[in-house]
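# A look at the structure
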Amino acid sequence: MLSLPEAAAHFLGYRYAVASQDNRYPVARGCLPSGLVLQPGDQRRVDCSTFITAVVCYMEAERAWDQSAYADMQIMDAARLWSPLDAWERHGVGRAMAVGEMAPRWGIYQSWVDDQAAAIDGDPISGGHQWAYHGGLGVRIHSSSRGATGPTREHVAFGDLLKYYKAGVRGVEVA
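Keep in mind it's a predicted model, so treat the numbers as computed, not measured. (Residues numbered from 1 in each chain as written. Predicted model: local features only at pLDDT ≥ 70, side-chain atom pairs only at ≥ 80, totals over all residues. Heavy atoms only, no water.)

## As for the nonpolar core
One finds Met73, Trp88 and Ile108 to be the most contacted residues of the largest nonpolar core, which totals 34 residues. For this core, the secondary-structure elements that each account for two or more residues are α1 (4-8), α2 (48-59), α3 (69-74), α4 (83-90), β4 (106-112), β6 (139-142) and β9 (168-174). Counting residues per element, this core draws most heavily on α2, at eight residues. In this view, Met73 contacts Cys31, Ser49, Thr53, Val56, Cys57, Trp65, Pro84, Ala87, Trp88 and Gln130; residues no more than four positions away in its chain are not counted. Of all hydrophobic cores here, the second largest spans 10 residues; its members include Trp131, Val156, Phe158 and Tyr165. (Core = buried A, V, L, I, M, F, W, Y, C linked by side-chain atoms within 4.5 Å. Buried < 20%, exposed > 50% of the residue type's maximum accessible area, 1.4 Å probe, protein only. Helix = DSSP H or I, 4+ residues; strand = E, 2+ residues; numbered from the N terminus. Contact = heavy atoms within 4.5 Å.)

## Topic: the side chain of Ser111
Locating Ser111 in the fold gives a position in strand β4. For Ser111, a relative accessible area of 0% gives the class buried. Polar contacts involving the side chain of Ser111 include one to the side chain of Trp131, which spans 2.8 Å. Discounting residues that sit within four places of it in the chain, Ser111 has contacts with Gly127, Gly128, His129, Trp131, Tyr165, Gly168 and Val169. (Polar contact = N/O pair within 3.5 Å; in protein donor to acceptor, adjacent residues only side chain to side chain.)

## Comments concerning the pattern of salt bridges
In the structure shown here, the tally under the stated rule is seven salt bridges. Here Glu60 ties to Arg63 by a salt bridge, and the two come within 2.6 Å at their closest N and O atoms. Classification of Glu60 as buried rests on a relative accessible area of 8%. Since its relative accessible area comes to 28%, Arg63 is described here as partly exposed. Across the pair Arg140 and Glu154 runs a salt bridge, and its minimum N-O distance is 2.7 Å. Of this pair, Arg140 sits in strand β6 while Glu154 sits in strand β8 (residues 152-155); the two residues are 14 residues apart in sequence, bridging distant segments of the chain. Its relative accessible area of 8% is what places Arg140 among the buried residues. Residue classification places Glu154 among the partly exposed positions, given a relative accessible area of 25%. (Salt bridge = Lys/Arg side-chain N within 4 Å of Asp/Glu carboxyl O.)

## A short note on the pairing of β4
Where burial is concerned, most of β4 is hidden: seven out of the seven residues are buried. Residues of β4 alternate between two faces, with Trp106, Ile108, Gln110 and Trp112 on one and Gly107, Tyr109 and Ser111 on the opposite face, all of them buried. With seven bridges connecting them, β4 and strand β5 (residues 128-134) associate as antiparallel partners. From the neighbouring strand, Tyr109 faces β5, where its bridge partner is Trp131. By the bridge criterion, six bridges tie β4 to β9 in an arrangement that is antiparallel. Paired with Trp112 across the strands is Gly168, a residue of β9. (Pairing = 2+ DSSP bridges.)

See the structure below:
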């Protein structure tokens, strides 16, 4: 089993995917659809939810995933804004935490910027972000910021993340 930072390292040199059809990951494992594996000529791009989904699947490659796991971790339904938490807990990746709770070690999180699920340009699910955070170290790992090369690792106080993501931060403490 890979650690979370080891799993995230698969994405060194990736940029943020601004369109879902641009998402690629380096290796198919677990619940990841093989059609999104990086092919010659593809650009190394990944958005936040595809990044975290792949990190979880790389960490838990031996786990039995059901057919809905990938879609649940991706938030493909605006009516199910917290679906990643359900999927991660259902598959035994970790223990779901209360809104705003921080894991003492690694946790994976879904967050939303405002109370309207941060509708940007009419897209009700574009104001969210998925990321990993180590409570003891104060380190967040997430897909690259738009235009930057990632993945991004930064020291940031969990309280500052809670202030920014005003509509809520919920996560699963990684087992």
